[in-house]
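Listed below are the residues making up each chain.
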Amino acid sequence: MVEKIITLENMSLVDFLGPDNQNIRQLAAAFPGSKIISRGNEIKIQGQTEVIARINDLLSSLIEHYHQYGQITDKTVNQYLSATSEEAEGRVLAASPDVLLFGAKGGVIKAKTPNQQRLVDTVMSHDLTFTLGPAGTGKTYISVALAVRALKNKEVKKIIISRPVVEAGESLGFLPGDMKEKVDPYLRPIYDALEDMIPAEKLKFYQENKIIEIAPLAYMRGRTLNNAFVLLDEAQNTTPSQLKMFLTRMGPTARVMVNGDRSQIDLPTRQKSGLMQALDILKNVPGIGYVEMTSEDVVRHRLVKEIVEAYDKYDNDEMVRQAQQSGANGLRRDERHERRLLELQQQQAELPVSTDLPVNHEQPL
């Protein structure tokens, strides 16, 4: 037997479980070969893998219902039990306008800052959105949440998430394992976000059936990405040709997001970032959304915000210093040029002037 624990957060247990846990007992009665035990704010499920996946989906739907309506009754449980899996999967997840979806453990996932909410609104109204911002501002997490919501609401048929694989001091060829094992560490933040939002069994099903694809950017070449929610993360590390290739994969019914951080470009020196170039080239193209995050949107540890601001100040001071140094160097070059011209003029003035005509040796005597 397999065991799974679901944690109930931000809810009244009496309103969700019902008097004397009647809602959970009703759910357990529908699956006699399994055990559903409620202890405190945790629900423990024991049974076969397929049954646990079904019970987990039902509990997720009931949690969504609770956040929308504030209560679960025996009639509610009956309705979800009698609904087919396809009907349950097709329910609209928005419990309120600001809720994106409910996580695998029942937690509410939503925008936490004004710019995160602006990102949500922009993605909803544009087929292509560029998002820039420093580390910790929730670019990846909110983007993955939007993709999962679109999939569960049947707005798209699949999710495709990609990142460029940039070698930072160590060649991929020397890393152990096959290609998947080599590139998976680069894609780990994507897996972490998905595991927060989709139960493990369901996520495995999605990946095995290519409903959710996570792949390096190089795997996108030659494809047409249609009827899909497509996310390119860490786009500051793409080359101009890579980003152009990615953007031209966009099918007529695709929704595309491109995320990046201009302060963390890991490309080789002298290599221009495809994201920075694209922002210049596409700035006047209508129908493209742009969202800029700042240190005020950092939702990690409080020190992350301080770190980002410190680095921004250092970068600004360094740019001013280099500009001043460049100006001083230019002034010195101009002074040296003027002195050289003066020296040449003086040298020319000191040369003797000859008034003798040249002899033409070919003239007849």
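Residues numbered from 1 in each chain as written. Predicted model: local features only at pLDDT ≥ 70, side-chain atom pairs only at ≥ 80, totals over all residues. Heavy atoms only, no water.

**Student:** Honestly, the packing of helix α6 (residues 114-125) against helix α7 (residues 139-152) in this entry has me stumped. Any pointers?
**Tutor:** Packed helix pairs are characterised by how far apart their axes lie and by the angle those axes make with each other. The contact between α6 and α7 brings their axes to 11 Å, and the two run at 40°. Here α6 lies oblique to α7, going by the angle between them. In this structure, α6 meets α7 at a crossing whose hand is right-handed. Residues Gln 116, Leu 119, Val 120, Val 123 and Met 124 of α6 form the contact with α7, whose own contacting residues are Ile 142, Leu 146 and Arg 149. For the contact of α6 with α7, the class distribution of residues is 6 nonpolar, 1 polar and 1 charged. (Axes fitted to C-alpha atoms, helices over the stretch in contact; angles between N-to-C directions. Helix = DSSP H or I, 4+ residues; strand = E, 2+ residues; numbered from the N terminus. Parallel < 35°, antiparallel > 145°, perpendicular 65-115°, else oblique. Left-handed = near helix turned anticlockwise from the far one by under 90°. Contact = heavy atoms within 4.5 Å. Nonpolar A, V, L, I, M, F, W, Y, C, P; charged D, E, K, R; others polar.)

**Student:** Looking at this model, I keep getting lost on the packing of aromatic side chains. Mind explaining?
**Tutor:** Where two aromatic rings form a pair, the distance of their centres and the angle of their planes describe that pair. Evaluated as defined, the whole model comprises 2 aromatic pairs. Look at Phe 130 and Tyr 290: their rings are 5.7 Å apart centre to centre, the planes differ by 10°, and that puts the pair in the stacked class. In this pair, Phe 130 sits in strand β6 (residues 128-132) while Tyr 290 sits in strand β11 (residues 288-292), placing the two residues 160 residues apart along the sequence. With relative accessibility at 0%, the residue Phe 130 sits in the buried group. Of the residues examined, Tyr 290 reaches a relative accessible area of 28% and is grouped as partly exposed. Relative to Tyr 206, the ring of Phe 205 has its centre 6.2 Å away and its plane inclined at 55°; by these criteria the two rings are tilted. A residue is classified by how much of its surface remains accessible, and Phe 205, at 41% relative accessible area, is partly exposed. Classification of Tyr 206 as buried rests on a relative accessible area of 6%. (Phe/Tyr/Trp six-rings, centres within 6.5 Å; stacked < 30°, edge-to-face > 60°. Buried < 20%, exposed > 50% of the residue type's maximum accessible area, 1.4 Å probe, protein only.)

**Student:** Got a minute to help me understand the sheet that holds strand β10 (residues 255-260) in this structure?
**Tutor:** By definition, the strands of a sheet pair up through backbone hydrogen bonds, in either a parallel or an antiparallel sense. Spatial ordering of the open sheet is given by β8-β7-β9-β10-β6-β11, a layout of 6 strands whose pairing is parallel. The open sheet has two edge strands, β8 (212-216) and β11, and neither has a second partner. Mean inter-strand twist for the sheet, computed between neighbouring axes without regard to direction, equals 15°. As defined by bridge partners, β6 adjoins β10 across 5 bridges and the pair is classed as parallel. Opposite Leu 132, over in β10, you have Gly 260 as the bridge partner. (Pairing = 2+ DSSP bridges.)

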